[in-house]
Amino acid sequence: MALLLPNRFPGKLIIVEGIDGSGKSTQLLLLSHWLRSQGYAVAFSEWNSSPLVRQTTRRGKKKEMFTPTSFSLIHATDFADRLESYILPLVKAGAIVCADRYAYTAFARDVARGVSRNWVRNLYRFAIRPNLAFYFRVPLDVALSRILGGRTALKYYEAGMDLGLSRDVEESFRIFQGRILDEYEAMAEEVGFQVIDATLPIEEQQRRMRQIVLEVLGDSLRTSVLRLVQEPADVAARAAAIL
Amino acid sequence: MLPREPLQFYSEPLPGVDCAELHGRLIVIEGPDAVGRSTQVTRLRQWLEQEGHAVLDTGMARSALAGRGIQEAKKGNTLGPVTMTLFYTTDFADRIENEIIPALRAGFVVLTDRYIFSIMARAIARGEDRRWIERVAGFALVPHAVFYLRAEVKDLVSRVVMGRGAFDFWESGMDLRFGRDMFDSFTRYQKRLIKALDSMVEPYGFTVIDAGRPADAIFRELELRIASLDLAMVRSRTRPRRSKRFGMGSR
């Protein structure tokens, strides 16, 4: 994404994107465990988790106060807080920050809600560009069956009920997720996603993720990232053994 | 070029809003901290209501959605500059969509204590990118008038000291510590704010009001200027008008 600033700091930022039920969180967790086992300083940041903003978001959701614009802005505020007070300082310090969802979630979700593409891209212009952005590509039906099979109640905004797409929550969720999927697909090239086929077995997806991490970041991991364990072992060699 | 026509969006139309439906008047009072805006807003409201106008007055961090959240965030010590800018913009979005626009549809005079310009000035004073925040705030409506109460920093200092008697952390920009103590930081930060507001006078068509004068003199000027705006369209026909043209009968 040309609009996001490049990361000039010693640490790395690895993010995952995909629609609900694509399995991205599971994969990021596995990747972060692996990186940690290599001795790297690894931190984790989840979408919509700023303690400063939480009460406001909760209040707005509970009372169904959001419009597409205020929904977009409160999530950008949440993101800004995590970036300013958590992600950036850690990346500057040389850690690997693994983020479950990033600005691209807003590019997809807010646009699916009716906010303009250019406005939301400008909104996140203060963000740094991730070193790696994985996109978990999954057909809508597969993701829906994972989500709808596993949970009973879909939440109001999660299902896009604010858009009046359908009175039926599941139907609304289907339509909304379909729109989000279209936005992800449309931006994949523009933002340079590393696309992972999320219908593959979990182990296979993880193997590919690790491979991409080593290919893209291999040398700079060794030279610039903070390591907790002072082992001279060659990361690539150790990784190869694991893979 | 920015649109000059009142009640049009600057650059970003809000979904679901037809500007042709907006019949009220939007009047903005801007200016740095401690310049005396809220005093003027209170008096203007009384006067406009006596004149028979339905008035909505609103101001920063007063939204149902984010007002309380902002107050809470300001109590801590972790509110970063971009986060603050966006939190205030969220607050503004909630107020424009749920208060200002409905009031304009109903033909009210909307009197707002600060607008996007204060959000922008604070962001610019903290070193954020001007074009970024201008576009973020682009969903604001062009007001009928922006009255910029302009004063020098020394006037603000004396108002703070004589009035509240102490410097405020945020009004002094202490989150970024522009100086060694509250006074130094206040002075430098407010200078930056004034500079940022000054830079908006021309592009955003501010009317500059000399706020280095007593409150009564400022009020009289605002009264005259607002009276010369065409408020007739929104003038209520149900209440008899006062005999004195800009009468302040109750005072």
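As the structure is a computational prediction, the values presented were derived from the model and not from experiment. Residue numbering note: each chain is counted from 1, following its sequence as written. As a convention, the first chain written is A and the first ligand written is 1, with the rest following in written order. With pLDDT at 70 or above as the cut-off, local features in this predicted model cover only qualifying residues; side-chain atom pairs require 80 or more to be listed or tallied, and sums for whole chains, interfaces and linings still use all residues.

**Some remarks on the overall build of chain A**
What counts, and what does not: By definition, any uninterrupted DSSP run of H or I lasting at least four residues is a helix, any uninterrupted run of E lasting at least two residues is a strand, and each is numbered from the N terminus. Here the radius of gyration uses the C-alpha set of atoms, whereas the globule reference equals 2.2 Å times the residue count to the power 0.38.
The secondary structure content of chain A amounts to nine helices and five strands. Taken over C-alpha atoms, the radius of gyration comes to 18 Å for chain A, in line with the 18 Å a tight globule of 243 residues would show. With the C-alpha coordinates aligned to their principal axes, the bounding extent of chain A is approximately 60 × 35 × 30 Å.

**Some words on the nonpolar core**
Formally: Linking buried Ala, Val, Leu, Ile, Met, Phe, Trp, Tyr and Cys residues through C-beta atoms within 7 Å yields a set, and such a set is a nonpolar core. Exposure is read from a count of other C-beta atoms within 10 Å of each residue's own; the residue is exposed at 12 or fewer, buried at 20 or more and partly exposed in between. C-beta atoms are placed from the backbone. Any pair of residues counts as being in contact when their C-beta atoms, constructed from backbone geometry, are within 7 Å of one another.
If you look at the biggest cluster of nonpolar residues, it comprises 136 residues, and the most contacted ones within it are Ile96, Val97 and Ala133 of chain A together with Val110, Met120 and Leu149 of chain B. Counting residues per element, this core draws most heavily on helix α3 (residues 81-105) of chain B, which supplies 12 residues. Sequence-distant contacts of Ile96 of chain A, that is, excluding residues within four places in its chain, are made with Gly11, Lys12, Ile14, Leu35, Tyr40, Ala41, Val42 and Val225 of chain A.

**As for the interface of chain B and chain A**
A common way to express how large an interface is: the accessible area buried when the components associate. Keep this limit in mind: Following the grouping adopted for this structure description, the nonpolar residues are Ala, Val, Leu, Ile, Met, Phe, Trp, Tyr, Cys and Pro, the charged ones are Asp, Glu, Lys and Arg, and the polar ones are all others, Gly among them.
Each partner contributes residues to the interface: chain B has 25 residues there, and chain A has 25 residues. Of all the secondary structure elements, the ones that give two or more residues to the side of chain B that touches chain A are α2 (67-75), α3 and α5 (130-136) of chain B. Among the residues forming the side of chain B that touches chain A, the class breakdown is 14 nonpolar, six polar and five charged.

**Let's talk about the confidence of the model for chain B**
This is how it is decided: The pLDDT value expresses, per residue, how confident the predictor is, ranging between 0 and 100.
Averaged over every residue, the pLDDT of chain B is 91; the share at 70 or more is 91%. As a predicted assembly, this complex carries a pTM of 0.91 together with an ipTM value of 0.91.

**A few points about the sheet that holds strand β4 (residues 145-150) of chain B**
Residues and elements named next belong to chain B. Rules: Only when DSSP finds a minimum of two bridges between them are two strands counted as paired. Orientation is described by axes fitted as lines to C-alpha atoms, over the contacting stretch for helices, and by angles from 0 to 180 degrees between their N-to-C directions.
The strand order across the open sheet built from five strands is β2-β3-β1-β4-β5, with neighbouring strands paired in parallel fashion. Unpaired on one side and paired on the other, β2 (55-59) and β5 (206-210) mark the two borders of the sheet. Averaged over all neighbouring strand pairs, the angle between strand axes comes to 20 degrees, with direction disregarded. By the bridge criterion, five bridges tie β2 to strand β3 (residues 109-113) in an arrangement that is parallel. The residue of β3 that forms the bridge with Leu56 is Val110.

**Considering the sheet that holds strand β2 (residues 42-46) of chain A**
Pairing between sheet strands relies on hydrogen bonds along the backbone, with the strands arranged either parallel or antiparallel. Residue and element names in this part refer to chain A. Read from one edge to the other, the open sheet built from five strands follows the order β2-β3-β1-β4-β5, with strand pairing classed as parallel. At either end of the open sheet lies a strand with only one pairing partner, and these are β2 and β5 (194-197). In this sheet, neighbouring strand axes are inclined to one another by 20 degrees on average, regardless of whether the strands run parallel or antiparallel. Relative to the sheet, helix α8 (residues 202-224) contacts β1 (12-17), β4 (132-137) and β5, its axis offset from that of β4 by approximately 155 degrees.

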